[in-house]
Structure formats: structure tokens, C-alpha cells
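Report on the structure
Chain residues, written in single-letter form:
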Amino acid sequence: MTSTAISGARILSVGTALPEQVLTNEDLEQMVDTSHEWIVERSGIHERRIGGTTSDLAASAGKAAIERAGIDPATIDLLILATTSPDRRVPATASTVQELLGLQCGAMDLNAACSGFVYALVAAHGFIEMGHSRVLIIGAETLSRMTDWTDRTTCILFADGAGAAVVEKTDGAGDLHGWHVDSNGSLEEALFCDFDGKIEMAGQAIFKNAVLAMENAARKSLAMADMSADQIDLVVPHQANVRIVEASCKRLGIPYEKTSMVIHRTGNTSSASIPLALEDAWTGGRVNQGDNILLVGFGAGMTSAAAVITWDGI
Ligand code: ACO
């Protein structure tokens, strides 16, 4: 689909939270028939964090983003929590997070699997265009609760964490120049988790489709932004597998060195992974005013989403 990309909003700040408990590949060697070498070679993951609740992780990340922005939490008009692992079926975990943060605003969960944070970013720009001034977006997951710790094909990948961003109204066109959100429901069976069940995944099918979906979402966002791939300064991809990111970058003609990767220490944290990687680049001095950043993800559904922004945060 096409859309006008005028937004009038910008990401002001980001914040993250990870559980304290570290689960290394060596720990997994004690649990299933696998090896550190296999996991690193096939996924790029060395260790991951597990534990906590989705609401607690989300609130910690949200608090960090609000404090860094230096804003009064009372000025936040809406909280969007992207998650596939809510604390409860009802109510939305966003309402729990709202209470934890002491916000007085609308609150809702958004489930677009690992693409959720980018969906939330686009939605926040839309709400601001319709009159809101500040929207807090968070991606938070406790996938360890949905992981079958006896299944070596999935338990090496998934983990817990959270990342947040304050998005606020700004004069002018804002930071979002192009975006694309997508879903292919025919691939539902390739990755799913039933109520009270555990994640089941056809890894190779996901791998193949993920590379194509990331490329497609990125190309459509770049086209809307009227930018070429070589104008992108930083790629912040969903952290599912280093090889998926390498293959996607190759197809897009963007050097892998331009990516922000945290998967080696976080594993796959679904909707939290893009803000975790964005914050890592930001705190590491890799994000400068005016930089063009491509955020791109894919996930169960199969969803995909991308956004091209020009950094205008603090
Ligand atoms: N340790 C050792 N051996 C293993 C393990 C393991 N943990 N898991 C599988 N193997 C074996 C397999 O049994 C197979 O053995 P065989 O050849 O004797 O049959 C062999 O290793 C190769 O298995 P493949 O499935 O071909 O391995 P592949 O290179 O495809 O890597 C992986 C598997 C890492 C799961 C990869 O397919 C992948 O990353 N897929 C995408 C998954 C993904 O991104 N999911 C999330 C997307 S959505 C979201 O983020 C929530």
C-alpha cells in the first residue's frame, strides 16, 4: 500500500531493560543436545537474558526512556505496548504498565510479533498526526515463558527483554519519511504458540521467508522515503539470526557493518529486539543528528515492517 509520509512526530529518546539472569550457550549444553559452537555458527547468539514479567520489563524500559527525555510523565497521551507475551489474556498488559509508570493516558497492547515495535512506531506517528502530543511505545517480551526448554530447535533462540521510545509532536514533517507494514497469514503454521502451549517453529521456512520479507519491507519504505539504500547510515534490524540479517543486507546492497547487532548478548527478544539494538547504537555513539536509520523487522504471522527515519532525538 502507499501512504503520505508526513508525520510531524519524532523519536525523542529510547530506554531498555533486560532481566538479570544470564543463560549462556554452555548452560543450554546442559539442558539439550547442542553446543556453543553450533548455536554461534547458526544464529550468532552467545548468551541471552531470561526472567521477570512483561509488565515489569516494559515499565523499566519506559521509565528509562521518559527519564532520558526529561519530560513530565503526565504529558504522555498514549501508551502502546507491542508484545506477544502479555502477562494476562485480559486486561492488556499496557494497562498494568500504565499503572506502574503512573501515567494518565490511553493504553493498549499491539501484537504484530517481532514486527510489533515498528508497527507501534508508525501508529504513534499516526496518533500524533491526529492530535496527540506524546506517545510512549514499548516492545517487551518474556518469551522464556513460551519456550519449550526441551526443544533444541527453538530454546537456543528466544529470550526476554524490553525497549521503549518516547515519540513526540514536532514542528515540520517529523522524522518518519517512509514506512511499510505487512502480514502473510498463509504462513501462520510456520511459527505459532497456542494458549497455554509453547512456541512451535519451522525454522528453515521462517528463515527463507524472513529474508524476503525484510527486503520487501525495506525496499517499500525506502521508495516511500524517496531514498536509496546507500543513503542509509544505520540499519536496526530485528535480532532473530545474524545470518538472516547478513542475507537481507546483501540483497539490499547495504554493508553489514552498518547494522546495529545485539543478538550475541540478547538472543531473540521479538518486539523488544529493535529498540534494544537502537539503544545500543545510540549509547555507543553510532547515532548522530540527521542520520538516516532503517528499522526493519519480521515475525510470526508472518508480519514484517520497516520505517525510514532521520534521527532528531536528544
Ligand atoms: N544444536 C545442534 N544441532 C541442532 C540444533 C541445536 N540447537 N537444532 C537443530 N539442530 C540440527 C538439526 O536437527 C539438523 O540436523 P540433521 O541435519 O541431522 O537433520 C541440523 O542441526 C541442521 O538443522 P537446520 O534446521 O537446517 O539448521 P539451520 O541452519 O536452518 O538453523 C535455525 C536453525 C537457527 C533455527 C534457523 O533455521 C533459523 O534461525 N530460522 C529462523 C528462526 C527465526 O528467526 N525464528 C523467529 C522468527 S519470528 C520471531 O522472532 C518470534
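All residue numbers here refer to positions counted from 1 along the written sequence of the relevant chain. Only residues with pLDDT of 70 or above have their local features reported here, since the model is predicted, and side-chain atom pairs are shown and tallied only from 80 upward, although totals for entire chains, interfaces and linings are computed over all residues. Excluded from the side-chain calculation are hydrogens and water; included are all heavy atoms of the structure.

Numbering of helices and strands starts at the N terminus; helices are DSSP runs of H or I of at least 4 residues and strands are runs of E of at least 2. The residue Asp 87 is located in the loop between strand E4 (78–82) and helix H4 (93–101) in this model. Here the term buried applies to any residue with accessible area under 20% of the maximum for its type, exposed to any over 50%, and partly exposed to those in between, with areas from a 1.4 Å probe on protein chains only. Among the residues examined, Asp 87 registers a relative accessible area of 29% and is labelled partly exposed. Distance in space between the C-alpha atoms of Asp 87 and Glu 20 is 19 Å, their sequence separation being 67 residues. We call two residues in contact whenever any of their non-hydrogen atoms come within 4.5 Å of each other. Setting aside anything within four residues of it in sequence, one finds Asp 87 in contact with Thr 53, Thr 54, Ser 55, Thr 93 and Arg 145.

Bringing the domain arrangement of the protein chain into the picture now. Structurally, the protein chain comprises domain 1 (9–169) and domain 2 (176–310). Taken together, the 50 residues of domain 1 in the interface contact 43 residues of domain 2. Buried area is a sum: the accessible area each of two parts loses on coming together, probed at 1.4 Å, counted once for each and added. Summed over both partners, the interface of domain 1 with domain 2 comes to about 3,700 Å²; 67% of that surface belongs to carbon and sulfur atoms. Any carboxyl oxygen of Asp or Glu within 4 Å of a side-chain nitrogen of Lys or Arg constitutes a salt bridge here. Where domain 1 packs against domain 2, one counts 1 salt bridge. Between Glu 279 and Arg 68 there is a salt bridge; the shortest N-O distance is 2.8 Å. Domain extents, as shown, originate in an automatic or database domain assignment.

The description of an aromatic ring pair uses the distance of the two centres, along with the angle that the planes make with each other. Under the pairing criterion, centres of Phe, Tyr and Trp rings, with the six-membered ring standing for Trp, must be within 6.5 Å; the plane angle then separates stacked pairs below 30 degrees from edge-to-face pairs above 60, leaving the rest tilted. Summed over all chains, the structure comprises 1 aromatic pair. Each ring, one from Trp 282 and one from Trp 311, has its centre 6.1 Å from the other, and the planes form 55°; the classification is tilted. Note that Trp 282 is positioned in helix H9 (residues 273–283) and Trp 311 in the segment after strand E13 (303–310), a separation of 29 residues in sequence. Two limits define a charge over a ring: the Lys NZ or Arg CZ must be within 6 Å of the ring centre, and within 35 degrees of the ring normal. Over the ring of Phe 195 we find Arg 89; its NZ or CZ atom is 3.9 Å from the centre of that ring.

Attention now goes to empty space enclosed by the protein. It is the rolling of a water-molecule-sized probe over the atoms that shows where space remains empty. The pocket and cavity definitions rest on a 1 Å grid over protein atoms only: a 1.4 Å probe that fits but cannot leave marks a cavity, an open set with protein on both sides within 12 Å along at least five of seven lines marks a pocket, and residues lining either have an atom within 4 Å of a point. Grid points are joined across faces, edges and corners, and a volume is the space filled by probe spheres set on the points. Under the defined criterion, the tally for this structure stands at 1 cavity of 30 Å³ or more. In this structure, the largest cavity spans a volume of roughly 50 Å³. Along its surface, the largest cavity is lined by Met 214, Val 235, Pro 237, Val 245, Ser 248, Cys 249, Leu 252, Leu 294 and Val 296. Of all elements in the fold, only strand E11 (234–237), helix H7 (242–252) and strand E12 (292–299) reach the threshold of two or more residues within the lining of the largest cavity. Of the residues forming the lining of the largest cavity, the biggest block, 4 residues, is contributed by H7. Lys, Arg, Asp and Glu make up the charged group, whereas Ala, Val, Leu, Ile, Met, Phe, Trp, Tyr, Cys and Pro make up the nonpolar group; the residues left over, Gly among them, are polar. Residues that form the lining of the largest cavity fall into these classes: 8 nonpolar, 1 polar and no charged.

Bringing the sheet that holds E13 into the picture now. Read from one edge of the open sheet, 4 strands run E8-E13-E12-E11, paired in mixed fashion. The two strands at the open ends of the sheet, each matched to only one other strand, are strand E8 (176–183) and E11. Neighbour to neighbour, the strand axes of the sheet diverge by 10° on average, direction disregarded. In this structure, E12 lies alongside E13, joined through 8 bridges in antiparallel fashion. Counted as the bridge partner of Phe 298 is Ser 304 from E13. In this scheme, strands are said to pair when DSSP sees at least two bridges between them. Lines fitted to C-alpha atoms define the axes here, with helix axes fitted over just the stretch in contact, and angles between the N-to-C directions of these axes take values from 0 to 180 degrees.

In this structure, the largest pocket occupies an estimated 850 Å³ of space. Lining the largest pocket are 28 residues, with Thr 84, Ser 85, Asn 111, Met 146 and Cys 193 sitting closest to its centre. Class assignment of the residues belonging to the lining of the largest pocket gives a composition of 13 nonpolar, 8 polar and 7 charged. Counting only domains with at least three residues in the lining of the largest pocket, you end up with domain 1 (9–169) and domain 2 (176–310). In terms of lining, the second largest pocket is formed by 26 residues, of which the most central are Trp 38, Thr 153, Leu 157, Met 201 and Gly 203. Put simply, the parts of the chain that give the lining of the second largest pocket at least two residues each are helix H2 (36–43), helix H6 (203–225), H7 and E12. Counting residues per element, the lining of the second largest pocket draws most heavily on H6, which supplies 4 residues. Of the residues in the lining of the second largest pocket, the class split is 13 nonpolar, 9 polar and 4 charged. When residues of the lining of the second largest pocket are assigned to domains, at least three fall in each of domain 1 (9–169) and domain 2 (176–310).

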